[in-house]
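A closer look at the structure
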Amino acid sequence: QVQLVESGGGLVQAGGSLRLSCAASGTIFSIPVMGWYRQAPGKQRELVATFTSNTVTNYADSVKGRFTISRDSSKNTVYLQMNSLKPEDTAVYYCNADVQHARYTTPRGYWGQGTQVTVSS
């Protein structure tokens, strides 16, 4: 019922920047929570940054001061600006959204297909 399409991943040298985008489409009444997670090889998926209720942001300690999450609610799109990238930021980045399909319904969680970010040293 909802598709999350990510873009913007790639290969970058340490210290460089990338901007990820994630657009949600489908049957959407509202998206209370939308954000980014990442999973490095051999590691568990972890939270990177999220936007709650369009105003509250939450960041992993490892990315504070380097990454910025933003949101365009009119386009159901969330962005992740990643600056001062480090090799340890290398991972598959996944978009996540809790989507309310209609008023007074419980939001349902969705994941994107993931986009690879590789930071070379």
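Going by the structure above, here's the rest.
Residues numbered from 1 in each chain as written. Predicted model: local features only at pLDDT ≥ 70, side-chain atom pairs only at ≥ 80, totals over all residues. Heavy atoms only, no water.

1. Let's talk about the packing of aromatic side chains
In total, this model carries 2 aromatic pairs according to the counting rule given. Pairing Tyr 37 with Trp 111 gives two aromatic rings, centres 5.1 Å apart and planes at 70°, and the pair type is edge-to-face. Of this pair, Tyr 37 sits in strand β4 (residues 30–39) while Trp 111 sits in strand β10 (residues 108–111), placing them 74 residues apart in sequence. A relative accessible area of 41% places Trp 111 in the partly exposed class. Aromatic pair Tyr 94 and Trp 111: ring centres 6.4 Å apart, planes at 90°, arrangement edge-to-face. With Tyr 94 in strand β9 (residues 91–100) and Trp 111 in strand β10, this residue pair connects regions lying 17 residues apart in the sequence. A relative accessible area of 15% places Tyr 94 in the buried class. A connected cluster of aromatic rings, assembled from ring pairs, spans Tyr 37, Tyr 94 and Trp 111. The ring of Tyr 79 carries the charged tip of Arg 19 above its face, separated from the ring centre by 4.1 Å. Note that Arg 103 overlies the ring of Tyr 104, its terminal NZ or CZ placed 5.9 Å from the centroid. (Phe/Tyr/Trp six-rings, centres within 6.5 Å; stacked < 30°, edge-to-face > 60°. Helix = DSSP H or I, 4+ residues; strand = E, 2+ residues; numbered from the N terminus. Buried < 20%, exposed > 50% of the residue type's maximum accessible area, 1.4 Å probe, protein only. Lys NZ or Arg CZ within 6 Å of the ring centre and 35° of its normal.)

Fair warning: the whole summary comes from geometry, so function is off the table for now.
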